[in-house]
Amino acid sequence: MPISSFYGMQTSLRGLIAQQRMLDTTGHNIANASTVGYSRQEALLSASLAQQIQVSGAGNMTGAHLGSGVDVQGFRRVRDQFLDAQYRAQNTNLSDWQARAEGLDSAELSLNEPSDTGINAQLTKFWQSWSDLSKSPDDQAAKQALVQQAGALTDSIHSVRSQMVAAQDAATGQYNQIAGAGGEVTKIATELAGLNKTIAAFVVNGDSPNDLMDRRDLLIDQLSQYGQVSVEQLQGGSTNVSFVDGTTGTKYPIVTDQTADWAGPPAGGWSPGGQMGGLLAIGKSGGTIDGYLASIDSFADSLATAVNNAYGGAFFTTSAPSGASIAVSAPIQAAPASITSGSGATGSNDLALAVSQLRGNAAIDGVYKAFVAKVGGDLNESQRMQANAQVLADSVEDRRQSVAGVSMDEEMSNLVRFQRAYQASARAMSTMDEMLDVLINRTGRVGL
Amino acid sequence: MRITTSMVQRNVLSDLNTLQSALAKTQSKAASQKEITRPSDDPFKAAQAMGLRSSIGANEQYVRNIQDAQGWMDSTESSLDSITQYVNRAHDLLLQGATDTADATSRNAIAKEIDQIIQGIKETANASYGDKYIMSGTATSTPPYLLGDDDTYQGNQAGLDPAIPGIVREIGPGVTMTINSVAVEFLGEGRTNPTDGKLLNALRDISDHLKADDGAALRGGDMTGLQNRLDSLLEIRARNGAMTNRLDSATARIDQITGALTDQLSNTEDADFAKTLIQFNSQSAAYNAALKAGANIVQSSLMDFLR
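Because the structure is a prediction, the values reported are computed rather than measured.

1. Some remarks on the overall build of chain A
Phase 1: A count of helical and extended segments in chain A gives 13 helices and ten strands.
Phase 2: For chain A, the C-alpha radius of gyration of 38 Å lies well beyond 22 Å, the compact-globule estimate for 448 residues.
Phase 3: When the backbone C-alpha atoms are referred to their principal axes, chain A occupies close to 150 × 40 × 30 Å.
Phase 4: Looking at the 448 residues of chain A, the share that counts as buried comes to 47%.
Phase 5: Contacts spanning at least 24 positions in sequence make up 69% of the contacts within chain A whose residues lie at least 6 apart.
Phase 6: Carbon and sulfur atoms make up 54% of the accessible area of chain A, which amounts to about 20200 Å² in all.
Phase 7: Computed over 29 positive and 43 negative side-chain charges, the inter-centroid distance for chain A is 8 Å.

As structure tokens, then:
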């Protein structure tokens, strides 16, 4: 079979087109160098189908294969699904501790310890007021001062408790914003279902919609921040995505193929890990902050009981929950003079003394001190775990970026490479052109 | 490993963040002069610091209580001293009145002075500290004695009778001290209770015997009786003195403990200023170095070298 004179032109054209696609891909990579979730792409080239030609000397008709240039087979994104899974697991862990550390931070802040104004300091002053009263058992000023100081102490207890409740509410509110109906997870689920549909439509045609797949992976990354996710790749490019309970292993579907399934968190308790798990751990009933509230209540309770017992009457009144309700009893508040400092005559001070001797009591001061240490310890642990998780997540993210990220230097060198290749193809084409010029314009002009 | 642009940027940024948060922490240490500003900085030390603060607060209160008790004891002591002087004077008068040379007139004159001494002693027993009568037990608003012929004790037995708590000061953790004296313990009730054998009775007897011109009684029972009363008065003063000593040593002990506690608190929660500053300097040097290195790494690329 004869070969067209223009065959080489075609080969060069293929080269020009391929190099142009490579340059386009490089441009796309550079443009998206700082796009979150973008994985770099590359054009897949392969030599185009060779032309079978007859050559003299070949005995049979099979002949030789003349190369015909290059074809762009497709564009692929460079990404390691295994690193994705690793990153998501670390991200879940990191978000879990981050949520705990943030929630406990506000709980700790409300304690305002160690300071000259926290409950510990108020308690010290409260005991001092009783001691002062024991020195002047019938002094109106001392009684008035005691009632004021007791009020300051109960105010501090109320304020700490209400701020803890606020921290708890904030955690629960945030959890509902993420997991609740119409929350973040629902939005992501809807978008994922849409993406699955579009991607499947392309994949059926044999296309690889790289940028849509990047977007889908980014959304799953975001889900992994909220809780532990499991991703199941389906035939045809679609996915099933679900949250996994870290304890029971039960799956709670978010997206099944092209349907968004998420309608809110399961009714019973679950441990999804991630931000939801962290928020649940501190905010749920029976969670960390609930434990703190119980500690404050039992502290207020033992304070009231011990003082009332020593005083031999109702100095403090409490009702459930004690931490929010402890107060100096109404009759004493109305008439501080009615405080009896002693069981005997004017100068007797045994009752005031008995209360003042409660100072440093393991069931009051000791309980509070242990409580502060517990809050501090919990936060300290969360912060330490968060720092650890951060290091792990960073190192996996580094490895992921190492595979999928755009390196400017690499793109620049590619740019040079592809530009030169384009120039060379163009040069090859001009060579063909010159050759044809000789053939067409200079051939057969003998004697002209 | 392939190093990508975003990796470099993220690493530079996270390193800068780490250094900056360390700097901020050191800065707040330097500003607050405290090693621990929140319980989570070191939960154990924070709890320890809270305990130390409470103990220091308690000790400050104990010192104030002791000072008050010392004032009380000083008042008691000066009253007892005056009473002792009165008794000494009465003793002198008794010696004069008991001699055979004394006649009814002079004994009568001496009896007048003894009567004045009795009033003086009762007045002294009515001494107060602040607005509180110090020798009426816990009935601090009632003077122990009425002036005049009625010697009935007006106060109560609190503090003397172990069953009734007296006026007690808390002078240490779990340590209390009853500081009131009960006048009736050594003065008795005079004519109201003529058989109690206390000082007022002895003086009333002397006065009666002087007025009755009964030299024998004066030389006999009255003389030994007054001597015995003086002895028991001195005993009570010795007891008070011992209590004052106890208060003094308690003050010294609490001062020492407070000093030790303050040192310990400072060791626990105060920042070492020199160390903090050195830390701050080395951290800010590291931060500057990271900034410079970061700026160079992030800026340079192959683009700088391609035409």
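After that view of the structure, there is still more to cover.
2. Regarding unusual backbone geometry
Phase 1: Cis geometry marks the peptide bond from Glu113(A) to Pro114(A), where omega comes out at -15°.
Phase 2: Inspection of the secondary structure assignment puts Pro114(A) in the loop between helix 2 (81–111) and helix 3 (119–135).
Phase 3: In this chain, Ala320(A) is followed by Pro321(A) through a cis amide linkage whose omega measures -10°.
Phase 4: The residue Pro321(A) is located in the loop between strand 9 (316–317) and helix 9 (322–325) in this model.
Phase 5: Located in the positive-phi region is Asn112(A), a residue other than glycine, with phi close to 55°.
Phase 6: Of note, Asn112(A) is situated in the loop between helix 2 and helix 3.
Phase 7: Asn112(A) sits in the partly exposed class, given a relative accessible area of 37%.
Phase 8: Positive phi, normally seen in glycine, also occurs at Asp213(B), with a value near 60°.
Phase 9: Tracing the chain through its elements places Asp213(B) in the loop between helix 5 (199–211) and helix 6 (215–269).
Phase 10: Classification of Asp213(B) by relative accessible area gives partly exposed; the value is 34%.

3. A short note on the nonpolar core
Phase 1: One finds Phe126(A), Trp130(A), Phe243(A), Leu303(A) and Phe315(A) to be the most contacted residues of the largest nonpolar core, which totals 75 residues.
Phase 2: Counting 49 residues, the second largest nonpolar core, distinct from the first, contains Ala58(B), Ala98(B), Ala111(B) and Leu230(B).

4. Re the packing of helix 2 (residues 43–98) of chain B against helix 3 (residues 104–125) of chain B
All names here are of chain B.
Phase 1: With their axes 10 Å apart at the nearest point, helix 2 and helix 3 run at an angle of 170° to one another. The angle between helix 2 and helix 3 falls in the class roughly antiparallel. Where helix 2 abuts helix 3, its residues Ser 79, Ser 82, Ile 83, Tyr 86, Val 87, Arg 89, Ala 90, Leu 93, Gln 96, Gly 97 and Ala 98 lie against Arg 107, Ile 110, Glu 113, Ile 114, Ile 117, Gly 120, Ile 121 and Thr 124.
Phase 2: Here the contact of helix 2 with helix 3 is built from residues that sort into ten nonpolar, six polar and three charged.

5. Remarks on the interface of chain B and chain A
Phase 1: If you look at the interface, chain B gives 50 residues, while chain A gives 54 residues.
Phase 2: Between chain B and chain A, the buried area comes to about 4200 Å², and carbon and sulfur atoms account for 50% of it.
Phase 3: When the area that chain B buries against chain A is broken down by residue, the three leading residues are Arg2(B), Arg38(B) and Met50(B), summing to 16%.
Phase 4: Summed over the shared surface of chain B and chain A, the result is six salt bridges.
Phase 5: Among the salt bridges present, the one from Arg53(B) reaches Asp116(A), with a minimum N-O distance of 2.8 Å.
Phase 6: Summed over the shared surface of chain B and chain A, the number is 29 residue pairs in polar contact (both at pLDDT 80 or more).
Phase 7: Listing elements by their share of the side of chain B that touches chain A, those giving two or more residues are helix 1 (5–32), helix 2 and strand 3 (168–172) of chain B.
Phase 8: At 14 residues, helix 2 of chain B tops the list of elements feeding residues into the side of chain B that touches chain A.
Phase 9: Residues belonging to the side of chain B that touches chain A are distributed by class as follows: 17 nonpolar, 20 polar and 13 charged.

6. Quick notes on the sheet that holds strand 7 (residues 251–256) of chain A
All names here are of chain A.
Phase 1: Strand order in this open sheet of four strands is 5-6-7-8, and the pairing throughout is antiparallel. Lying at the two open borders of the sheet, with one neighbouring strand each, are strand 5 (229–233) and strand 8 (259–260).
Phase 2: Looking at chain direction, strand 5 and strand 6 (residues 239–244) are connected through five bridges and run antiparallel. Residue Val 229 lies in a different strand from strand 6, and its bridge partner there is Phe 243.
Phase 3: Sitting on the sheet, helix 5 (residues 184–204) is in contact with strand 6, strand 7 and strand 8, with an inclination near 50° to strand 7.

7. Quick word on helix 6 of chain B
Phase 1: Compared with the 81 Å implied by 1.5 Å per residue over 55 residues, the 78 Å span of helix 6 of chain B between its first and last C-alpha is a close match.
Phase 2: Along its length, helix 6 of chain B shows its largest kink, about 40°, at Asp222(B).

8. Some thoughts on the pattern of salt bridges
Phase 1: Within this structure, the stated rule accounts for 42 salt bridges over all chains.
Phase 2: Here Asp71(A) ties to Arg14(A) by a salt bridge, and the two come within 3.8 Å at their closest N and O atoms. One end of the pair, Asp71(A), is in strand 4 (residues 70–77); the other, Arg14(A), is in helix 1 (residues 7–31), and 57 residues separate them in sequence.
Phase 3: Judged by relative accessible area, which is 31%, Asp71(A) ranks as partly exposed.
Phase 4: Arg14(A) gets classed as partly exposed once you look at its relative accessible area, which sits at 26%.
Phase 5: Between Asp213(B) and Arg107(B) there is a salt bridge, with its nearest N and O atoms 2.7 Å apart. Of the two residues, Asp213(B) sits in the loop between helix 5 and helix 6 while Arg107(B) sits in helix 3, which places them 106 residues apart along the sequence.

9. Points about helix 7 (residues 274–283) of chain A
All names here are of chain A.
Phase 1: In terms of residue burial, helix 7 counts as a mostly covered element, since ten of its ten residues are buried.
Phase 2: For helix 7, the complete set of buried residues consists of Gly 274, Gln 275, Met 276, Gly 277, Gly 278, Leu 279, Leu 280, Ala 281, Ile 282 and Gly 283.
Phase 3: Buried residues in helix 7 make contact with helix 2, helix 4 (140–179), helix 6 (210–226), strand 6 and helix 8 (288–311).

Criteria and cut-off values
Residues numbered from 1 in each chain as written. Chains lettered and ligands numbered in written order. Predicted model: local features only at pLDDT ≥ 70, side-chain atom pairs only at ≥ 80, totals over all residues. Heavy atoms only, no water. Helix = DSSP H or I, 4+ residues; strand = E, 2+ residues; numbered from the N terminus. Rg over C-alpha atoms; globule rule 2.2 N^0.38 Å. Buried < 20%, exposed > 50% of the residue type's maximum accessible area, 1.4 Å probe, protein only. Contact = heavy atoms within 4.5 Å. Areas by Shrake-Rupley, 256 points an atom, 1.4 Å probe, with all protein chains shown as cover. Lys, Arg positive; Asp, Glu negative; His and termini not counted. Charge placed at Lys NZ, Arg CZ, Asp CG, Glu CD. Core = buried A, V, L, I, M, F, W, Y, C linked by side-chain atoms within 4.5 Å. Axes fitted to C-alpha atoms, helices over the stretch in contact; angles between N-to-C directions. Parallel < 35°, antiparallel > 145°, perpendicular 65-115°, else oblique. Nonpolar A, V, L, I, M, F, W, Y, C, P; charged D, E, K, R; others polar. Buried area = accessible area lost by both parts, 1.4 Å probe. Salt bridge = Lys/Arg side-chain N within 4 Å of Asp/Glu carboxyl O. Polar contact = N/O pair within 3.5 Å; in protein donor to acceptor, adjacent residues only side chain to side chain. Pairing = 2+ DSSP bridges. Expected span 1.5 Å × (residues − 1). Bend = angle between axes of the 7 residues up to and from the residue.

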